[in-house]
Amino acid sequence: MTNHSETTGPSENSDISGQEPFTGPSAHDTQVTLRTPAELADALPYLLGYRPEDSMVLVALHDREGGGRFGGRARLGIPANEEDWEAAAHQLAHGLVTGSERRGARPEQMVAYICQEPAPGERGRDVKRRLERLAHLLRTQCGELDVPVIEALCISDGRFWSYCCPVESCCPEDGSPMGLPGTSVLAAAATYAGIQVRGTLKELRARLQPWETTAALEQEIALDAAGMTLVPRILDEASRAEVAQETLDLAERIIRRFAAAAPVSGTHPADLRDDRLLAHDEAATLILGLQDRTTRDRAAAWMEGDEAGPALRLWRALARRCVGPYGEHAAAPLTLAGWVAWSTGDELEAREALAMALGADPDYLFARLLHQACNEGLDPESIRRCLRAGRTDRARQASAETGARPHAEEQTVRDELPATEDAQHGASPRADDQDAEPGRGTGTRRRRRVRSGDGGDAPRTAGPTGGRRRPAGSRPGPSAAEPSRPGRRGLGGTRTRTAETGGTTTGAALSKNDHHEPRGEG
């Protein structure tokens, strides 16, 4: 490999949390030196917290006393169209460098990764050759920013290749086999530090995507039935507070039910257990009740302590129940799932859940603000303080002044965001090309909200399915933070992907205090 330099140094999370740079190792720091392409390839899942698929990744390196340390990292999906590669490479490099500069730590060097499994009839070496131009574009885009790429690796079919090393004995044409997971020195250090590597993003998203089983029709029927009774009450000022309290009381009972359930091993069995604990009519009532922003804000207070894990499981379960034409309703439970994940230290699930919320409803303000705040590395404690400070008084005031001002949580997040161009325009930095699809994972039919003359959501119906008519829309009129819009963005609307530059994940040195074990996994 060209530039077989060592990458060492103490942990530092300044690019994640915005805290002051760490000045020295603590008693719990584990310093790991990476010398070879094999060690860099093995480090990637620990840098990201999951195993990337169909991805291009840049990892920043910073010099410290003659040794390197890992800094921020950014990831994008590999565009299917080769014509888009140059723009994507520019977006990824520019996003990581400018994001690092904004946090006061411009990278000196980069390591680039390209990860893709072979298509039918392909081998790993074919993937390496096919993506060679993409690797070159990443290197040139970083070079134009005066940040050289010291190593570029292709990982495919359990093997890796270096695009920088021409030495056959070091980097053979057929690639080198990846080590067995969990057998490297870095894996041992990560285990000591309490760091868990997830599976893939696809597996994480599967926990939040709507059902596609035969039970989906039963859930849709339950949503139709609940909508006929709940929606008029939500839209009626006289009964809205009563519906809100009923929704929260039901959510609290189910959270206690989830907390009392026997634990099971594995995420999929845990999700199946939670699905069995939640009846169709209960899910329908909660999904529709959470479309009221005041109710959603009060539900967000289940964010820490013993309540957080069961609450996160409930929000995941509700997101899975937003089936068929109710895909847009998933924005509320997905936003709550993202918020609780972020509040409990799981930034990976937080970003994915909030991205999916924006996929369900691109204009969902609370999701947009939380997503930007999470990517900016802000501390969620300011939002937690707001939520702790008397939920009941806030809910009563919001019920009396619906639409008069932004909700407290939305305003708190807005106030915490830096005065950057992205913040002013409510931009949501993205890291995944699939996240840019507005309707991803929300079913084949979507409800469209029709705005009434006073800015509220007028009752609407969809075409009958099997003789049944759809209930009216279920979200109240917008607040000052969510102005009335004459229409909805079409499914074919274009959304620009932005590289996720949300932080520093150190692979050179791992600390017990620098990573948070995901909570609420069941």
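Here is what the cut-offs are and how they apply
Residues numbered from 1 in each chain as written. Predicted model: local features only at pLDDT ≥ 70, side-chain atom pairs only at ≥ 80, totals over all residues. Heavy atoms only, no water. Helix = DSSP H or I, 4+ residues; strand = E, 2+ residues; numbered from the N terminus. Buried < 20%, exposed > 50% of the residue type's maximum accessible area, 1.4 Å probe, protein only. Contact = heavy atoms within 4.5 Å. Areas by Shrake-Rupley, 256 points an atom, 1.4 Å probe, with all protein chains shown as cover. Pairing = 2+ DSSP bridges. Phe/Tyr/Trp six-rings, centres within 6.5 Å; stacked < 30°, edge-to-face > 60°. Core = buried A, V, L, I, M, F, W, Y, C linked by side-chain atoms within 4.5 Å. Salt bridge = Lys/Arg side-chain N within 4 Å of Asp/Glu carboxyl O. Expected span 1.5 Å × (residues − 1). Axes fitted to C-alpha atoms, helices over the stretch in contact; angles between N-to-C directions. Parallel < 35°, antiparallel > 145°, perpendicular 65-115°, else oblique. Nonpolar A, V, L, I, M, F, W, Y, C, P; charged D, E, K, R; others polar. Polar contact = N/O pair within 3.5 Å; in protein donor to acceptor, adjacent residues only side chain to side chain.

Novice: Requested: an account of the overall build of the protein, with residues and values cited.
Specialist: Helices and strands together make up the secondary structure of the protein, namely 20 helices and eight strands. When each of the 522 residues of the protein is scored for burial, the buried share is 58%. Partitioning the contacts of the protein with sequence separation of at least 6, the portion at a separation of at least 24 is 76%. With the model as given, the accessible surface of the protein reaches about 21,300 Å², and the carbon-plus-sulfur share is 50%.

Novice: Residue-level account of unusual backbone geometry, with values.
Specialist: When glycine is set aside, most residues are seen to have a negative phi, and most peptide bonds are trans. At Asp54, a residue that is not glycine, the phi angle is positive and equals roughly 45°. Counting through the fold element by element, Asp54 comes out in the loop between α2 (37-48) and β2 (55-64). According to the relative accessible area criterion, Asp54 is partly exposed, its value standing at 40%.

Novice: If you had to explain the pairing of strand β4 (residues 109-115) to someone new, which residues and values would you point to?
Specialist: Across the seven residues of β4, six count as buried, placing the element largely inside the fold. With six bridges connecting them, β4 and strand β5 (residues 149-156) associate as parallel partners. What sits directly across from Tyr113, in β5, is Leu153.

Novice: So what's going on with the packing of aromatic side chains? Which residues, and what values?
Specialist: Under the defined criterion, the tally for this structure stands at two aromatic pairs. Judged by centre distance (5.9 Å) and plane angle (80°), the ring pair of Trp339 and Trp342 falls under edge-to-face. Highlighted residues: Trp339 and Trp342, both in helix α14 (residues 331-343), separated by three residues, approximately one helical turn. Note on Trp342: relative accessible area 4%, which makes it buried.

Novice: Describe the nonpolar core, with residues and values.
Specialist: Grouped together as the largest cluster of nonpolar side chains are 89 residues, with contacts concentrated most on Tyr113, Leu314, Trp315, Leu318 and Trp339. Looking at this core element by element, the count peaks at nine residues for α14. Among all residues touching Leu318, those that are not within four sequence positions of it are Leu278, Ala283, Leu286, Ile287, Leu290 and Pro333.

Novice: Which residues make up the environment of Ala206, and what values go with them?
Specialist: Topologically, Ala206 is positioned in helix α7 (residues 201-206). The exposure class assigned to Ala206 is partly exposed, which follows from its relative accessible area of 44%. When the C-alpha positions of Ala206 and Arg320 are compared, they lie 8.8 Å apart, and in sequence the two are 114 residues distant.

Novice: Describe the pattern of salt bridges, and please don't skip the residues or the numbers.
Specialist: The full count for this structure, using the stated rule, is 25 salt bridges. For Arg133, the salt bridge is made with Glu82, and the minimal N-O distance between the two is 3.5 Å. Of this pair, Arg133 sits in helix α5 (residues 132-144) while Glu82 sits in the loop between β3 (67-77) and α3 (85-102), placing them 51 residues apart in sequence. Look at Arg133 and you get partly exposed, because its relative accessible area is 37%.

Novice: Which residues make up the environment of Ile221, and what values do they have?
Specialist: Relative to the elements of secondary structure, Ile221 occurs in helix α8 (residues 215-235). Classification of Ile221 by relative accessible area gives partly exposed; the value is 40%. Note: C-alpha distance between Ile221 and Asp281 (60 residues apart in sequence) is 9.2 Å.

Novice: Tell me about α14, and please be specific about residues and values.
Specialist: The end-to-end C-alpha separation of α14 is 18 Å, in line with the 18 Å expected for 13 residues at 1.5 Å each. Counting buried positions over the 13 residues of α14 gives 13, a clear majority of the element. At the C-terminal side of α14, Gly345 shows a positive phi close to 95°.

Novice: Quick rundown of the packing of helix α9 (residues 237-260) against helix α13 (residues 305-320)? Include the residues and the values.
Specialist: At their nearest, the axes of α9 and α13 sit 9 Å apart, and the two run at 110° to each other. On the basis of the axis angle, α9 is roughly perpendicular to α13. Residues Ala251, Ile254, Ile255, Phe258 and Ala259 of α9 lie in contact with α13, whose contacting residues are Glu307, Pro310, Ala311, Arg313 and Leu314. For the contact of α9 with α13, the residue count by class is eight nonpolar, no polar and two charged.

Novice: Now, about the pairing of strand β6 (residues 159-162): what can you tell me, with residues and values included?
Specialist: Two elements, β5 and β6, share four bridges in a ladder whose sense is antiparallel. Its bridge partner lying in β6, Ile155 is registered against Phe160. In textbook terms, the turn of a hairpin is the stretch between consecutive antiparallel strands, and for β5 and β6 this stretch comprises two residues, one of which, Asp157, has a positive phi near 55°. Pairing geometry for β6 and strand β7 (residues 176-177), over two bridges, is antiparallel.

Novice: Can you tell me about the side chain of Asp274, naming the residues and giving the values?
Specialist: Locating Asp274 in the fold gives a position in helix α10 (residues 267-277). Side-chain polar atoms of Asp274 contact the side chain of Arg313, separated by 2.8 Å. Beyond its immediate sequence surroundings of up to four residues, Asp274 is in contact with Phe258, Arg313 and Arg320.

Novice: Any details on the packing of α10 against α13? Residues and values, ideally.
Specialist: For the pair α10 and α13, the least separation of the axes is 10 Å and the interaxial angle reads 80°. As far as their axial angle goes, α13 and α10 are roughly perpendicular. Contacts from Asp271, Arg273, Asp274 and Asp275 of α10 reach α13 at Arg313, Ala317 and Arg320. Classifying every residue of the contact of α10 with α13 by side-chain character gives one nonpolar, no polar and six charged.

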